[in-house]
Amino acid sequence: MKWKLSFFLIISISILGYSQKTDESELIKKLLEKESATWRAADSKGHTECWYIQPYSKILISTADGTAIDVPPMAMINTNPSSMGNGGYSVNTNYKMSINGNSAWVSHNEESTAKDGKKTFSYEIRMLEKIKGQWKLVGQSIHIYNPK
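Values in this document were obtained by computation on a predicted structure and should not be read as measured data.

**Brief notes about the overall build of the protein chain**
Looking only at helices and strands, one finds two helices and six strands in the protein chain. Helices and strands in the protein chain line up, N terminus first, as α-α-β-β-β-β-β-β. Counting across all 148 residues of the protein chain, residues that qualify as buried make up 34%. When contacts within the protein chain are restricted to residue pairs at least 6 apart in sequence, those whose partners lie at least 24 apart make up 52%. When the accessible surface of the protein chain is summed, it comes to about 9500 Å², and 60% of that surface belongs to carbon and sulfur atoms.

Structure representation (C-alpha cells):
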C-alpha cells in the first residue's frame, strides 16, 4: 500500500511540475506575439510593456546582406511610433525554450509580412526575465535570412 501511495505522489508532483512549465511557456509565447504585434501596429505603449531594460540588455540584428546592427536597448521603450513598423503581421513558429526560475531564453522562427505583401524571414533568440511576476524581454538577437 505504501508503494502505491509513494508512486501516486511522485506521479502527481511530476505532472504538476510539467504543467507549471507549460503554463510559463504559454505566457512567454503570448508576450513574444504581443511584442511582434505592437511593433507592427506602432503601439509604443504596448511595446514598452513587453520590455524591461537591464544594464546588460543587448539587441543585435544581422541582415540578409551580412550587416550587423547593434540597436540601443532603450530604443525598445517609449519608441516614437513613426520609427516603428507600419502594419502587416508576423507568424512565429518552431519555439524552443529553456525556463529556469525567473529567467528564460527562447529561439523561434519568424515570418513577417508587410502591408504590401513583402515577406521577411528571421531566426530569433530572445532573453527574458520574470519581473514582479511578469515575463519581460531583456534582450534579443535577430538574424534575417533569404530562404532558398
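Continuing now.
**Quick notes on the pairing of strand E2 (residues 68-71)**
Relative to E2, strand E1 (residues 59-62) runs antiparallel, the two being bridged by four bridges. Pairing of Leu60 across the sheet is with Asp70, part of E2.

**Digging into the pattern of salt bridges**
Applying the stated criterion to the full structure yields nine salt bridges. Here Arg40 and Glu110 are joined by a salt bridge, their closest N and O atoms 2.8 Å apart. You can see Arg40 sitting in helix H1 (residues 2-40) and its partner Glu110 sitting in strand E4 (residues 103-113), a full 70 residues away along the chain. Residue Glu110 is classed as buried on the basis of its relative accessible area of 7%. The network of salt bridges with common partners includes Lys34, Lys45 and Glu49.

**Remarks on the sheet that holds E1**
Read across the sheet, six strands follow the order E2-E1-E6-E5-E4-E3 without closing on themselves; strand pairing throughout is mixed. Only two strands of the sheet have a single partner each, and these edge strands are E2 and strand E3 (89-100). Sheet twist, expressed as the mean angle between neighbouring strand axes with direction ignored, is 20°. Sheet analysis places E1 next to strand E6 (residues 134-145), joined by four bridges and oriented parallel. By the bridge assignment for E6, Ile61 is matched with Ile142.

The rules behind the values
- Residues numbered from 1 in each chain as written.
- Predicted model: local features only at pLDDT ≥ 70, side-chain atom pairs only at ≥ 80, totals over all residues.
- Heavy atoms only, no water.
- Helix = DSSP H or I, 4+ residues; strand = E, 2+ residues; numbered from the N terminus.
- Buried < 20%, exposed > 50% of the residue type's maximum accessible area, 1.4 Å probe, protein only.
- Contact = heavy atoms within 4.5 Å.
- Areas by Shrake-Rupley, 256 points an atom, 1.4 Å probe, with all protein chains shown as cover.
- Pairing = 2+ DSSP bridges.
- Salt bridge = Lys/Arg side-chain N within 4 Å of Asp/Glu carboxyl O.
- Axes fitted to C-alpha atoms, helices over the stretch in contact; angles between N-to-C directions.

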